[in-house]
Structure formats: C-alpha cells, structure tokens
Amino acid sequence: PRSDCIAAEQLCLSDSSCNATYRILEHCALAKTRVLPLDRDSRVRCLNAELDLGNSSLLHCRCHRRMKRQEHCLRVFWTVHSSMTDGYFNLETSPYENPANEEHWKTDYNKLAALLSGKDCSQLAGDTTNPCLKATHVCNLSKKCVRLRTDYASICTKGASSEDMCDRRKCHRGLRNFFEKVPEDFTKRILFCPCEDELCGERRRKTIVPDCSFQYNTKPNCLWLLDSCLEDHICKSRLADFQQNCQPADTSPDGCSQHSHTACLQAYMGMIGTPMTPNYVSNSSVEVSLWCTCESSGNQKEKCDQILGMFESNKCL
C-alpha cells in the first residue's frame, strides 16, 4: 500500500541524499508561498530536485481525509509537488488517497435502529414534509453528530448581525470538523436532503450558516478567492481533489470524467469550511455556487469564469 506523506518524510530524512534533495524542495515551496519570483537557475534546480526523488515513497505518498496531523501531511505533499501549484488548472492530482482505498466510516445501522426503537418516533414520522428537518433529528440520535453540529452552529452564529464580529476562520474549522469527523451517512443526509418547498430549502441552505461561512457584505472577485485558497494547504488540497473528482466530461453518459458521483460529492463536501466554501444559492433550487463574481477580472475573465463554472454549471456535480 502507498505510504502516507508523514511516514514517507520520516523515511526520507533518515537518508542523507534524500534529506538534501528534500531541503531544496522545501526552499522551492517556501519561495512560492511568499510569491517570490524564482530565477531560471532556481526553477531548474527545483525541477531537478523533484526528478531526483525518482521512485521514492515521498514522490508517491498520499494523505487521508480523516487522518490526524492532516495539515502536516498535506504540507509534505505540496513540498514535493510544488511545481504543480502554478495555476488552478495544474491542480489535477489530488493529494488524497482514493476513497475506495480508505477506511470507510460507515454508520452501524443495527445500532442506529436500536437508537430509533428506543425513542419516540412520532417526531421523526411527522417530518415527511421536511426531509431536512428529519435529517437533523436523525443527527440528534448520534452524540458525535449533535455535538459537532452544535459546536459549529454556535461558533458560526456569534455576531451574525455584524460581519466584523463573525470569526470566519473558526467557523470554517468547526464546519470542517463536522464534515470530517461525523460519518457520511449523517452529514450527507443533512447537506443533500431533497426538498420540495422553500421552507425545507432554506433549512438546507442554512446548514452551512451562510452569513458567517459563505457570504461577505460584497461579493469578492473569484480570482481573489482562488488566491486565498492556494495560500492554504487544506483549501488547495480540497480544490485539487474537487477538480480531479468533479471534472465534467461531455462525452460521458453521467457527465463525470471519473465516472463516480460519490467521489465528486465527497470532494464537494471537502470544500466546505475552506476559503472557497460553496453553498446553495437560494432556498428554491439545488443550484450551488461560490460567493464571488467575475466582474472586473480584466484579461483574466476566462480563467475566472472557469473557476465559477466548476460549481455553477458542472454536469458532474
């Protein structure tokens, strides 16, 4: 099995030759995060260092979505692959292990059935008109689900009336904790509950607490949103994962180049709690978007439209 990047880094640092090559790549990656222009010789040295890794485990390592020290693992990955971070459409390799190879965090349905049988189910039975409310009640049956949902909701609604008082960074961290640590059987119910009326749709849209995590007073340019994402190891990694797994393909019957809606939805959920958090745009449709605009993009308008289009008009998603 492919090693994770933290283990691969430790192995590399214990070898003098690999260690020296890795230190060069660290310098290259640092220069990029500080947006320092590298001269031609430096660029060649960086590319050669990446090639020098050959077939080492460091070059082929990946990270897991729910692993401890995830940020450290992702930093190692982008250190080794810093030549891939020049632009949005070069982020085609996800640093995350294929979902099929990861440990599945599935709900124990026998345990859930036991929980349901021990409760007054009249409340659940009465939620047929609002599947999103029913999804919330199902979440309440899990201590972890209700605790982490309550955590992010309380953080994200503090100072909701004033953007200045909303701690967006903490709100995003709370959202990521919820979607990373709670089994997907609960989180998918809440995020993708099917609605037929606006009341249900409004509840679904507010799952992400838009006033704090999603919306600004004015819509920023999507290129600015992208730049802030590329400066963050987690956001950049989730964006690469989203681009890889939600790449649309007109010739494909299901609209996905990877032929997996499950992987695409998982990658979409991974974007929540990052600077590029998407959300439903209204309470009466399933259309999703980023909170940004492509006005005043100048000669980068096409690139900006492509970023926005990955969410607004993506057949795979």
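All values reported here derive from a predicted model rather than from experimental measurement.

(A) Quick look at the layout of surface pockets. Roughly 640 Å³ of internal volume is contained in the second largest pocket. Lining the second largest pocket are 23 residues, and of these Glu71, Arg173, Arg176, Ile234 and Gly273 lie nearest its centre. For the lining of the second largest pocket, the secondary structure elements donating two or more residues are α5 (70–80), α10 (168–181), α14 (222–230) and α15 (233–245). Ranked by residue count, the leading element in the lining of the second largest pocket is α10, at 8 residues. Residues that form the lining of the second largest pocket fall into these classes: 7 nonpolar, 6 polar and 10 charged. Counting only domains with at least three residues in the lining of the second largest pocket, you end up with domain 1 (5–86) and domain 2 (109–313).

(B) Structural context of α10. Taking 1.5 Å per residue, 14 residues should reach 20 Å; α10 reaches 20 Å between its end C-alpha atoms and fits that length. Among the residues of α10, those classed as buried are Arg168, Cys171, His172, Gly174, Leu175, Arg176, Phe178, Phe179 and Glu180. On its buried face, α10 sits against α5, α9 (143–156), α11 (184–191), α13 (210–213), α15 and α16 (261–271).

(C) Region of interest: the environment of Tyr280. As for its placement among the helices and strands, Tyr280 is situated in strand β1 (residues 279–280). According to the relative accessible area criterion, Tyr280 is buried, its value standing at 6%. Side-chain polar atoms of Tyr280 contact the backbone oxygen of Leu191, separated by 2.7 Å.

(D) Focus on the environment of Arg45. Within the element layout of this structure, Arg45 appears in helix α3 (residues 40–52). Counting along the chain gives 21 residues from Arg45 to Ile24, while the straight-line C-alpha distance between them is 8.0 Å.

(E) Highlighting the packing of α11 against α16. Direction vectors running N to C along α11 and α16 enclose 80 degrees, while the axes themselves pass 12 Å from each other. Between α11 and α16, the angle is such that the two are roughly perpendicular. For the pair formed by α11 and α16, the contact residues are Glu184, Thr187, Lys188 and Leu191 on the first element and Thr262, Gln266, Tyr268 and Met269 on the second. Residue classes in the contact of α11 with α16 are distributed as 3 nonpolar, 3 polar and 2 charged.

(F) Main features of empty space enclosed by the protein. Going through the model one piece at a time under the given rule, you end up with 2 cavities of 30 Å³ or more. Roughly 190 Å³ of internal volume is contained in the largest cavity. Considering the residues around the largest cavity, the lining is formed by 14 residues, among which Arg65, Phe179, Glu180, Gln266 and Gly270 are closest to the centre. Those elements that place two or more of their residues in the lining of the largest cavity are α10, α15 and α16. It is α16 that contributes the most residues to the lining of the largest cavity, 4 residues altogether.

Definitions and cut-offs
Counting from 1, residues in each chain are numbered in the order their sequence is written. Residues qualify for local features only when their pLDDT is at least 70, as the model is predicted, and side-chain atom pairs are given and counted only at 80 or more; totals for whole chains, interfaces and linings, by contrast, use all residues. To obtain the side-chain values, all non-hydrogen atoms of the structure were included, while hydrogens and water were left out. Buriedness of a pocket was judged along seven lines, with at least five required to meet protein on both sides within 12 Å; pockets are open sets of points on a 1 Å grid over the protein atoms alone, cavities are sets where a 1.4 Å probe fits but cannot get out, and lining residues have an atom within 4 Å of a point. Grid points are joined across faces, edges and corners, and a volume is the space filled by probe spheres set on the points. Note on conventions: DSSP H or I runs of at least 4 residues are helices, E runs of at least 2 residues are strands, and numbering of each starts at the N terminus. Each residue is assigned to one class: nonpolar for Ala, Val, Leu, Ile, Met, Phe, Trp, Tyr, Cys and Pro, charged for Asp, Glu, Lys and Arg, and polar for all the others, Gly among them. For the domain bounds, the source is a domain assignment made automatically or taken from a database. To estimate how far a helix should reach, multiply one less than its number of residues by 1.5 Å. Each residue gets one of three labels from its accessible area relative to the maximum for its type: buried under 20%, exposed over 50%, partly exposed in between, using a 1.4 Å probe on protein chains only. For this analysis, residues touch if any pair of their heavy atoms sits within 4.5 Å. Between N or O atoms, a polar contact is any pair within 3.5 Å; within protein, one atom must be a potential hydrogen donor and the other a potential acceptor, and residues adjacent in sequence are included only when both atoms are from side chains. Axis definition: a line fitted to C-alpha atoms, over the contacting stretch in the case of helices. Angles run 0 to 180 degrees between N-to-C directions. These descriptions rest on fixed angle ranges, namely under 35 degrees for roughly parallel, over 145 for roughly antiparallel, 65 to 115 for roughly perpendicular, and the rest for oblique.

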